[in-house]
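Breakdown of the fold
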Amino acid sequence: MAKYQAPKGTFDILPRSISPIAWQSSSIWSNVEEVLKRLCHHYGIEELRLPVFENTELFQKGTGESSDVVQKEMYTFTDKGKRSQTLRPEGTPGSLRALIESGAFNSFSMQKIFYLGPMFRYERPQMGRYRQFNQFGVEILGPRSPWLDAECICLGSDILKALGLSKFKLLINTLASQECRQGYKKLLQEYFGDHLSVLSEDSQRRLTTNPLRILDSKDAGDQSLIAQAPKLRDHLDSSSSEFFEGVLEYLKELNISYSIDDKLVRGFDYYCDTVFEWQVESIGAQSAIGGGGRYGKLLSDMGGPTLEGVGFAMGMERLIQATLACNQQLEQTPRIEALFVAIGKECAKKLFTLAHEARSCGLCIETWPLHDPKKLKNALSYGDKIGAKSVIILGENELSNNQATYRHMQGGEEKKVSLQELSSFLKSQSEKN
Ligand code: AMP
C-alpha cells in the first residue's frame, strides 16, 4: 500500500495510460469538457473561473442557513488572518459575487456564464458521491422570463443528448413565489406537526428549519406521510402559476418531455418558482445527474441589481460515468452566428423555437428576450460585445409579416428574412465566411 493516500471521498484523474478505472482517465474528462464548452458557446455562454474558497458568510447567506450543505457539510477553516473561509460547496453564490464585484451589470442587464471545477462537501462517500467532486454549472441573470428557465433546461438536455445519454428523465416543479411558499410551509408544519412521532429525526429537525425539505426525505417511514401531504401546486398564486405554465409551454414548443414532481424541492434556500432535475438510471443509486432552478431575490439580496437568475449544475463524475455506460464517442466545433432578440411574449415564443432550430443546424446562437423595445440598442451593443456576426430581431410588426429583421453586425446593413427560411439563410451566411 502506498505510504500516502488520497483523502477519503477524493480521487485522482489520471492519464489514460495509467488509469485503472475508465471514468478517472483525464482524456475522457477533456472530451466531456470540450462538449460542455462547445454547447455553452452555441448558447452564447462564457466561462467564469472562481476561487476555490470564499468568505464563509457568502455561503451562509447565499446557499442558506437551513440547507444541509451549510448546516452539516461545509469545509470551513480559520485562516492565519483569523478570517473564516469555506471551500466552495457549490457555484452559484461565488458566481453572483464575481459578477457583482466585477461591475458586469453596469453595462448589461443580462449575464450568462458557466463554470467548471471542484466543489467540496463533507458527505458520506459512495459511488457517485464524493467529498471533492466537480461541477459544471450555468447561471443566467436577466429579466424574469420563463424563456430563460426553458433555455437552461434545453441546454442541459442538449448536453445529455450530445453525450449520448438519450434515456434521461427530466423532473420539474415550482416552488412558487416567496409569499406563496410561506403560506404553504405553514400548511406543511400543521400537517406534519400532527404526525410528529412518526417523522424521522432529520424531518423533525426540518419541521422548524425548512419543512419543504421533508418532502425530499428518503426515510421509508416519512414516505407514506409525504404521499398524503398538501401539494404546493394546489395553492399557487396566479403569478406563480402563470410563470410555471410559461416554462412548460416553452418546453412543449421543443417537445422536451418532463414529469411534474410535486416532491421535488432541491436543497438550497434561494430557489423559488421553477426547480428541475435530470436523472439517469445507468449510474445506479446516485441517479440525479444535475439540477437547478430559479432564484428570484438572491442577486439583489447579495447587493446586485433587481434582476432574477436561473441556473443548474451537473456533477461531472456522474456525467462521465453515465457517458461511459453508454459507450459514447465524443468530438468538437465553435462562433456566434447570430444574437436572436425577441420583443414581447409572442415573439419570444416564436424566436425561442427558431433559435433551437438554428442550433440544431449546427449554428451558434445567442438569445435575449427583451420586454422593452427601447432597450434594443443595448441588445445590439451586446451582440457586438459577444462577437455575434449578426442580430436577428423579431418584433410584433415583423411577426405579423412572418419575417424577421437580419442585421449584419460588421456592415450594419439590414434586410427582412422569412421566418421559414431563417435557419437555412443563416446557414448559407455561415458558409460564406
Ligand atoms: P446540487 O449542487 O446539490 O444541486 O447538485 C447538482 C449535481 O451535482 C447533482 O445532481 C450531482 O450530479 C452533483 N453532486 C452534488 N453533490 C455531489 C457529491 N457529493 N458527489 C458527486 N456529485 C455531486
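Quick summary incoming for the structure in this document. (Residues numbered from 1 in each chain as written. Predicted model: local features only at pLDDT ≥ 70, side-chain atom pairs only at ≥ 80, totals over all residues. Heavy atoms only, no water.)

Side note on the overall build of the chain
Note the following rule: Helix and strand definitions here come from DSSP, where helices need a minimum of 4 consecutive H or I residues and strands a minimum of 2 consecutive E residues; each element is numbered from the N-terminal end. Only protein chains enter the accessibility calculation, which uses a 1.4 Å probe; a residue is then buried when its area is under 20% of its type maximum, exposed when over 50%, and partly exposed in between. Here a residue-residue contact requires only that any non-hydrogen atoms of the pair lie within 4.5 Å. Using a 1.4 Å probe, accessible areas were evaluated by the Shrake-Rupley method; residue-level cover was limited to the displayed protein chains. In this count, Lys and Arg are taken as positive residues and Asp and Glu as negative ones, while His and the chain termini are left out. Think of each charge as sitting on NZ of Lys, CZ of Arg, CG of Asp or CD of Glu.
Within the chain one finds 16 helices and 16 strands. By principal-axis analysis of the C-alpha atoms, the chain measures approximately 70 × 55 × 45 Å. Across the 433 residues in the chain, those meeting the buried criterion constitute 54%. Counting only contacts in the chain whose residues sit at least 6 apart along the sequence, the fraction spanning at least 24 positions is 70%. Carbon and sulfur atoms form 48% of the exposed surface of the chain, whose accessible area is close to 20,000 Å². Of the charged side chains in the chain, 52 are positive and 54 negative; the average position of the first set lies 4 Å away from that of the second.

Section: the pairing of strand β4 (residues 84-87)
Worth spelling out the cut-off: Paired strands, as defined in this entry, are two strands with at least two bridges between them according to DSSP.
Judged from the 3 bridges that link them, strand β2 (residues 53-55) and β4 form a sheet pairing that is antiparallel. In the sheet register, F53 faces β4, and the bridge partner there is L87. As paired strands, strand β3 (residues 75-78) and β4 are joined by 4 bridges and run antiparallel to one another. Across the sheet, Y75 pairs through a bridge with L87, a residue of β4. Between β3 and β4, which pair antiparallel one after the other, the connecting turn spans 5 residues, and K82 there sits at a positive phi close to 65°.

Thoughts on the site of the ligand
Spelled out, the test is: Proximity is defined per residue: if any heavy atom of the residue lies within 4 Å of a molecule or strand, that residue is considered near it. Two N or O atoms form a polar contact when they lie within 3.5 Å of each other; inside protein one atom must be a possible hydrogen donor and the other a possible acceptor, and for residues adjacent in sequence the pair counts only when both atoms belong to side chains.
In the vicinity of the ligand lie 15 residues, with R121, E123, Y130, Q135 and R266 positioned nearest. Separating a nitrogen atom of the ligand from a backbone N or O atom of Y130 is a distance of 2.9 Å. The separation between an oxygen atom of the ligand and a polar side-chain atom of R266 is 2.3 Å. Here the ligand, which alone exposes 480 Å², has 91% of that area covered by the protein.

Remarks on the nonpolar core
The condition that has to hold: Here, the term nonpolar core denotes a set of buried Ala, Val, Leu, Ile, Met, Phe, Trp, Tyr and Cys residues that are joined through side-chain atoms within 4.5 Å.
Counting 133 residues, the largest nonpolar core has F136, F192, W278, L319, F340 and L426 as its most contacted members. With 9 residues, the single largest contributor to this core is helix α6 (residues 146-162).

A word on the packing of α6 against helix α10 (residues 238-253)
Quick note on the threshold: Here the axes come from fitting lines to C-alpha atoms, over the contacting stretch only for helices, and the angles between their N-to-C directions go from 0 to 180 degrees. An angle counts as roughly parallel when it lies under 35 degrees, as roughly antiparallel when it exceeds 145, as roughly perpendicular when it falls between 65 and 115, and as oblique in every other case. Each helix crossing is assigned a hand: it is left-handed if the near helix lies turned anticlockwise from the far helix by less than a right angle, otherwise right-handed if that turn is clockwise. Note that Gly is not counted as nonpolar here; it falls among the polar residues with everything else outside the nonpolar set of Ala, Val, Leu, Ile, Met, Phe, Trp, Tyr, Cys and Pro and the charged set of Asp, Glu, Lys and Arg.
In contact at an axis separation of 8 Å, α6 and α10 are set at 45° when each is read in the N-to-C sense. As the angle between them shows, α6 and α10 are arranged oblique. You can see that α6 and α10 cross each other, and the crossing is right-handed. Residues P146, W147, D149, A150 and I153 of α6 lie in contact with α10, whose contacting residues are F243, G246, V247, Y250 and L251. Taken together, the residues of the contact of α6 with α10 break down into 8 nonpolar, 1 polar and 1 charged.

Details of the pattern of salt bridges
Here is the rule we go by: Here a salt bridge means any side-chain nitrogen of Lys or Arg lying within 4 Å of a carboxyl oxygen belonging to Asp or Glu.
One pass over the full model with this rule turns up 27 salt bridges. Of the charged contacts, one joins R206 and D68 as a salt bridge, the two residues approaching to 2.7 Å between their closest N and O atoms. Taken as a pair, R206 in helix α8 (residues 201-209) and D68 in helix α3 (residues 68-73) lie far apart in primary sequence, 138 residues in all. For the pair R206 and D68, a shared accessibility class is recorded, and that class is buried. A salt bridge links D262 to R233, with the nearest nitrogen and oxygen atoms 2.8 Å apart. In this pair, D262 sits in the loop between β8 (259-260) and β9 (271-280) while R233 sits in the loop between α9 (220-228) and α10, placing the two residues 29 residues apart along the sequence. For D262, a relative accessible area of 21% corresponds to the partly exposed category.

With respect to the sheet that holds strand β15 (residues 403-408)
The strands that make up a sheet are held in pairs by hydrogen bonds between backbone atoms, and each pair lies either parallel or antiparallel. As summarised here, the arrangement of the 5 strands in space is β13-β12-β14-β15-β16, forming an open sheet in which the pairing is mixed. The sheet is open, and its two edges are formed by β13 (364-370) and β16 (414-418), each paired on a single side. The sheet shows a mean angle of 25° between the axes of neighbouring strands, direction not considered. Of the pairings in the sheet, the one linking strand β14 (residues 390-394) to β15 comprises 4 bridges and is antiparallel in character. Bridge assignment links V391 to a residue of β15, and that residue is R407. Strands in contact with helix α13 (residues 345-360) are β12 (336-343), β13 and β14; relative to β12, the strand with the most contacts, it is inclined by about 165°.

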